[in-house]
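Residues per chain are reported as follows:
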Amino acid sequence: MILVGQYDSPYARRVAVSLMVLGIPYEHDTRSVFGDFDSMRKTNPLGRIPSLVLDDGTVLIDSAAILDWIDESVGPERALLPRSGLARREALQRIALACGAVDKIGGGRNYESLIRPARYRWPEWIARTTTQGLGAVQAMNALDWPEGPLDEAGITAGCALDYIRVTAPELMPDGRYPVLDALWQRLTARPEFQATGFSDYAVPRGE
Ligand SMILES: N[C@@H](CCC(=O)N[C@@H](CS)C(=O)NCC(=O)O)C(=O)O
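Residues numbered from 1 in each chain as written. Predicted model: local features only at pLDDT ≥ 70, side-chain atom pairs only at ≥ 80, totals over all residues.

Colleague: Any chance you could explain the overall build of the protein here in plain terms?
Modeller: From N to C terminus, the protein includes 8 helices and 4 strands. Secondary structure elements in the protein, listed N-terminal to C-terminal, are β-α-β-α-β-β-α-α-α-α-α-α. By the compact-globule yardstick of 17 Å for 207 residues, the protein fits well, its C-alpha radius of gyration being 17 Å. C-alpha extents for the protein along the principal axes are approximately 50 × 40 × 30 Å. Across the 207 residues that make up the protein, the buried fraction comes to 34%. For the protein, long-range pairs separated by at least 24 residues make up 70% of all intrachain contacts whose partners lie at least 6 apart in sequence. (Helix = DSSP H or I, 4+ residues; strand = E, 2+ residues; numbered from the N terminus. Rg over C-alpha atoms; globule rule 2.2 N^0.38 Å. Buried ≥ 20, exposed ≤ 12 C-beta atoms within 10 Å, placed from the backbone. Contact = placed C-beta atoms within 7 Å.)

Following this line, the structure appears as structure tokens:
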């Protein structure tokens, strides 16, 4: 199978880390969602990442749908998301906060302030999406993140935190969110995170 999407996308990265945690081998297609837009649209009509191309040629799109397929493939004993009940609800809540923070800080603030040409930028929108993203970060910081085997909530939180810390470091200075500092340190030390690390935010900059 082929995972399409660079690891500076926390959505692509959470799929990559999940595949590694489960020991599922994959090839990595590193086309850029911006630089290879026309080619990317042939894989996913939305022109977004991640996609997962299965061995029979089927293309799965959207990280949640891909992770759902992975969990179903490995069976309930190894699935990374609890099957039902309170544990599932709590995990989904954590995933919603982590993905929501990325949507607002990445797809909102970063795209608006880094990609959109300066003359078209809307400061109020940047402020609003930053407030929303940081609301999710603060809510995550108020939770307990017990140590244990990597599951989908932890993987998604780690990818989101690393994305925010690399692309918008001024939003998460050391010490402001101590629970998340410790969680980020613990998770990014894991081999699956080390193997999918990134330090450059490879999107075109607006004028
Ligand atoms: N809900 C989607 C979100 C995917 C997403 O936002 N991907 C970003 C990269 S992090 C992307 O493709 N952005 C380019 C665009 O939307 O034009 C998922 O979970 O896969």
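Colleague: What's the story with the environment of arginine 121 in this structure? I'm lost.
Modeller: Looking at the secondary structure, you find arginine 121 in the loop between helix H4 (85–115) and helix H5 (123–141). Placed 72 residues apart in sequence, arginine 121 and phenylalanine 193 show a C-alpha to C-alpha distance of 33 Å. Excluding residues within four positions of it along the chain, arginine 121 makes contact with Glu112, Ser113, Arg116 and Ile126.

Colleague: I would appreciate a short explanation of the sheet that holds strand E3 (residues 51–53) in the present structure.
Modeller: Strand-to-strand pairing in sheets goes through backbone hydrogen bonds, with the strands running parallel or antiparallel. With mixed pairing, the 4 strands of this open sheet are ordered in space as E2-E1-E3-E4. One side of each edge strand has no neighbouring strand; the edge strands of this open sheet are strand E2 (27–29) and strand E4 (59–61). Each strand axis lies, on average, 20 degrees off the axis of its neighbour in the sheet, ignoring direction. (Pairing = 2+ DSSP bridges. Axes fitted to C-alpha atoms, helices over the stretch in contact; angles between N-to-C directions.)

Colleague: How should I be thinking about unusual backbone geometry in this particular structure?
Modeller: Both trends apply: most residues other than glycine have a negative phi, and most peptide bonds are in trans. The omega angle of the peptide bond from isoleucine 49 to proline 50 is 5 degrees, so this bond is cis rather than trans. With phi around 80 degrees, aspartate 62 is a residue other than glycine that occupies positive phi space. Structurally, the position occupied by aspartate 62 is in the loop between E4 and helix H3 (63–74). Residue aspartate 62 is classed as partly exposed on the basis of its 17 C-beta neighbours within 10 Å.

Colleague: For this particular structure, what's the right way to read the site of the ligand?
Modeller: Taken together, the neighbourhood of the ligand is formed by Ser9, Tyr11, Val33, Gly47, Arg48, Ile49, Pro50, Asp62, Ser63, Ala64, Gly106 and Gly107. The class makeup of the residues in the shell around the ligand is 5 nonpolar, 5 polar and 2 charged. (Near = placed C-beta within 6 Å. Nonpolar A, V, L, I, M, F, W, Y, C, P; charged D, E, K, R; others polar.)

Colleague: Is there a simple way to explain the domain arrangement of the protein in this structure?
Modeller: Many descriptions give the size of an interface as the accessible area lost when the pieces come together. In terms of domains, the protein is made up of domain 1 (2–74) and domain 2 (85–194). Using C-alpha coordinates to define each centre, domain 1 is positioned 20 Å away from domain 2. Facing the 8 residues of domain 1 at the interface are 10 residues of domain 2. When residues in the side of domain 1 that touches domain 2 are grouped by element, the largest group, 7 residues, is from helix H1 (residues 10–21). For the side of domain 1 that touches domain 2, the class distribution of residues is 5 nonpolar, 1 polar and 2 charged. (Domains from an automatic or database assignment.)

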